[in-house]
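# Fold and contact review
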Amino acid sequence: MKKILIITLISVTGLLSSCSDFLEEEMVSTLTQERYDTKEGIEELVNGAYEGLRYHHNYEWSYTLTNYGTDEFTNGGGRDHVQWNTYSPVLDPLETRNLAPLWDNMYAQINLCNIGIQNIPVVLGDPLDEELMKTRLGEVYFLRGFDYLKLIEQFGGVPITTSPISEDTAEFPRASKEDVFNLIIEDLTRAEELLPATPGQVGRITKTAAQHFLAKVYLNRASEQNADLTQSTDLENAAKFAEMVISSRTLAPDYNDIFNYTSVNGPNETLSEIILSSQFDDTQALLGRYGNQTHMYFLSVYRNFPGMTRNLYDGREFQRLKPTDFALDVFDRKNDSRFYKSFQTSYTAVNTNGIPNWSATNAPDPSLVGQPKFGIGDTAIVMLINDEEDNRFTPEYKDSFAPLMLVRYTNDSEGTDYDVSTYPSLSKYRDPFRTSFNDAKGTRDGILARLGETYLIAAEAYGRMGDYGTALNYINQIRSRAAFKEGEARSSVYYLAEQVAEGDETSTLSAMQATEAYFTPGTQESAGELYPPGVSSKPEMFIHFVLNERARELMGEFHRWVDLARTNTLVSRAKAFNPEAAPNVDQHHALRPIPQSYLESVTVGGNLLPPDERNQMQNPGY
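Cut-offs and rules
- Residues numbered from 1 in each chain as written.
- Predicted model: local features only at pLDDT ≥ 70, side-chain atom pairs only at ≥ 80, totals over all residues.
- Heavy atoms only, no water.
- Helix = DSSP H or I, 4+ residues; strand = E, 2+ residues; numbered from the N terminus.
- Rg over C-alpha atoms; globule rule 2.2 N^0.38 Å.
- Buried < 20%, exposed > 50% of the residue type's maximum accessible area, 1.4 Å probe, protein only.
- Contact = heavy atoms within 4.5 Å.
- Areas by Shrake-Rupley, 256 points an atom, 1.4 Å probe, with all protein chains shown as cover.
- Lys, Arg positive; Asp, Glu negative; His and termini not counted.
- Charge placed at Lys NZ, Arg CZ, Asp CG, Glu CD.
- Pairing = 2+ DSSP bridges.
- Expected span 1.5 Å × (residues − 1).
- Salt bridge = Lys/Arg side-chain N within 4 Å of Asp/Glu carboxyl O.
- Phe/Tyr/Trp six-rings, centres within 6.5 Å; stacked < 30°, edge-to-face > 60°.
- Lys NZ or Arg CZ within 6 Å of the ring centre and 35° of its normal.

### Quick word on the overall build of the chain
In terms of helices and strands, the chain carries 22 helices and 11 strands. Here the C-alpha atoms of the chain give a radius of gyration of 25 Å, agreeing with the 25 Å that 2.2 N^0.38 yields for 622 residues. Projected onto its principal axes, the C-alpha positions of the chain cover 85 × 55 × 50 Å. By the burial criterion, 59% of the 622 residues in the chain qualify as buried. Long-range pairs, those at least 24 residues apart, make up 70% of the contacts in the chain with a sequence separation of at least 6. Carbon and sulfur atoms make up 50% of the accessible area of the chain, which amounts to about 23300 Å² in all. Here the chain contributes 54 positively and 87 negatively charged side chains, and the mean placements of these two sets differ by 1 Å.

### Let's talk about the side chain of Arg481
Of note, Arg481 is situated in helix 15 (residues 468–482). Here Arg481 falls in the buried class, since its relative accessible area comes to 5%.

### Overview of the pairing of strand 6 (residues 379–384)
The element strand 6 is largely enclosed, with a buried count of 5 among its 6 residues. For strand 6 and strand 7 (residues 404–407), the ladder comprises 4 bridges, and the chain directions are parallel. Bridged to Val382 within strand 7 is Met405.

### Comments concerning the environment of Met106
Among the structural elements, Met106 can be located in helix 6 (residues 99–123). Measuring from C-alpha to C-alpha, the distance between Met106 and Gly52 comes to 7.0 Å, with 54 residues separating the pair along the chain. Beyond its immediate stretch of four places on either side in the chain, Met106 contacts Gly52, Tyr55, His56, Asp147, Lys150 and Leu151.

### Remarks on helix 9 (residues 207–221)
Counted at 1.5 Å a residue, the expected span for helix 9 with its 15 residues is 21 Å, and the 21 Å between its end C-alpha atoms agrees. Across the 15 residues that make up helix 9, a large majority, 14, are buried.

### Let's talk about the pattern of salt bridges
Taken as a whole, this structure holds 51 salt bridges when the rule is applied. The closest approach of N and O atoms between Arg481 and Glu273, which form a salt bridge, is 2.5 Å. Linking Arg481 in helix 15 with Glu273 in the loop between helix 11 (255–259) and strand 2 (274–278), this pair joins segments that are 208 residues apart in sequence. Its salt-bridge partner being Glu549, residue Arg338 comes within 2.7 Å of it at the nearest N-O pair. Here the residue Arg338 occupies a position in the loop between helix 12 (325–329) and strand 4 (343–344), and Glu549 occupies one in helix 18 (residues 538–554), the gap between them amounting to 211 residues. Overall, Arg338 belongs to the buried group, its relative accessible area being 0%. Via salt bridges that share partners, Glu273, Asp336, Arg338, Lys428, Arg450, Arg479, Arg481, Glu529, Glu549, Arg552, Glu553 and Glu557 belong to a single interconnected network.

### Side note on the packing of aromatic side chains
According to the stated counting rule, one finds 38 aromatic pairs in the structure shown. Consider the rings of Tyr397 and Phe401, whose centres lie 5.1 Å apart with planes at 80°: the pair is edge-to-face. Since its relative accessible area comes to 28%, Tyr397 is described here as partly exposed. Put simply, the rings of Phe331, Phe339, Tyr340, Phe343, Phe484, Tyr494 and Tyr495 touch in pairs and so form one group of aromatic residues. The side chain of Arg333 reaches across the aromatic face of Phe339, ending 5.9 Å from its centre. When the ring centre of Trp561 is taken as origin, the NZ or CZ atom of Arg592, which lies over that ring, is 3.6 Å away.

And the structure:
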């Protein structure tokens, strides 16, 4: 705990980078406490506090703590952190590669915010600085609440510190969940009152960010995991704050707009839909040790296939996260464009290595015999997601295509072309603007909150209150955007996989409208949804329907483990849909172990805790 909370006052500038001036500060090597008694020091402090946002996209803790061990993703061939997916006994309080860094970094950022909350009203107390004072104070209140939210989501009750730590102390016992929730709500409420509606500079936190996270916190406290703490107005507050955000922001017209990263600091990063993001760009000196590394983790290995080698566009394949069958099948792939806008289903040849020639048995025209099946710039690989009853893909049928056909369900002795290193890659974080194909430091902003989720928060809150009509209104606005539009082009993979007539570009809007039948027991529509065994009542089915819809809208966006934990569905859905997690996952896994480094450092009355008291402070099951 001493290591965690005794913060050496090093530079907090130069930690962030973006297209806005506030993130391009001069590096300062050494600071003292007095630095934060000046206006310049306050600016440096607040800018440095934004580093806590970048942390969540820096390294492998981005997915181990959020996507592993759920229904959406299982482990691919890269098994460096596999215990977070399999829930093996190695996942314990001594784990230091993901667990301790989250704890340490959040408390470092909290301490920075505490300094700001103490100093900003004094340093910026001049009436001429009133608006700046409100904004900067609102930012640090928001960031402290945000950091505590990240902690309570993972650990439950955690130590609370609201004053700067400036001396050697370790007297920080765990607080109750109730107290932490209250502090988060107080901080975000204060931030909502202080923050401006529009940012003074790109990347700054606004009032809508506070409203979004207030809605999220109230919904979390109203969820099953926290039923013992739920207050009667939590759902009303979740809906109220979500609707404030919805009334002031607009959805991107096309789902693809959100992730279509066409240039550094490009149009996708300034959409009205983006409520909060961690700021990155291609300024190498300011990317820090990691940059945004999420571009690597969802990719399967493609470089060994004909016509392929590792390249900037297709990415550096760490093959950490393989989508489960649930992740592929939860979409109505024929009508829901989000699937083909979320997963990469084809690759373009970048060299001539290993390209096969047409033979007399497979050439579509005799003149092609002996000629390469494809060339540089042509489609080299197709990743096709079909249903189990689809028996078209015999070896001969696959060989009749120019690109290599990698099919989920084949009609041959193997039964599939997929394995732990071969699967459709989530393409939301593609980053072709790194310095080289092997560069890990990503340049794109990391989305922490967007309006699509706000709609689903509002929907869940209303559905939990029994107002299914209002809930469906919000859900269907999201689903309407997800529909293919009249005249919208589809890929050739879409036509082949979904067995739609080539060139058909009709709207799928009507097919995407959900009704109460989707979560009403015994209906054809509910039978078409993927629900785990034992889900039988309408209220239960509604929660699982919302979780399915959150999967379709927010696939791989670093929310899933928290969503399943807060709804007490982690065990049932992991067992139903994640074969690697199923054998070991248990209810106690809905909280993480408290880091042993904290338990062995914390004191009560100046004394270290004996082993039995440390065990009592640990979360059950660890």
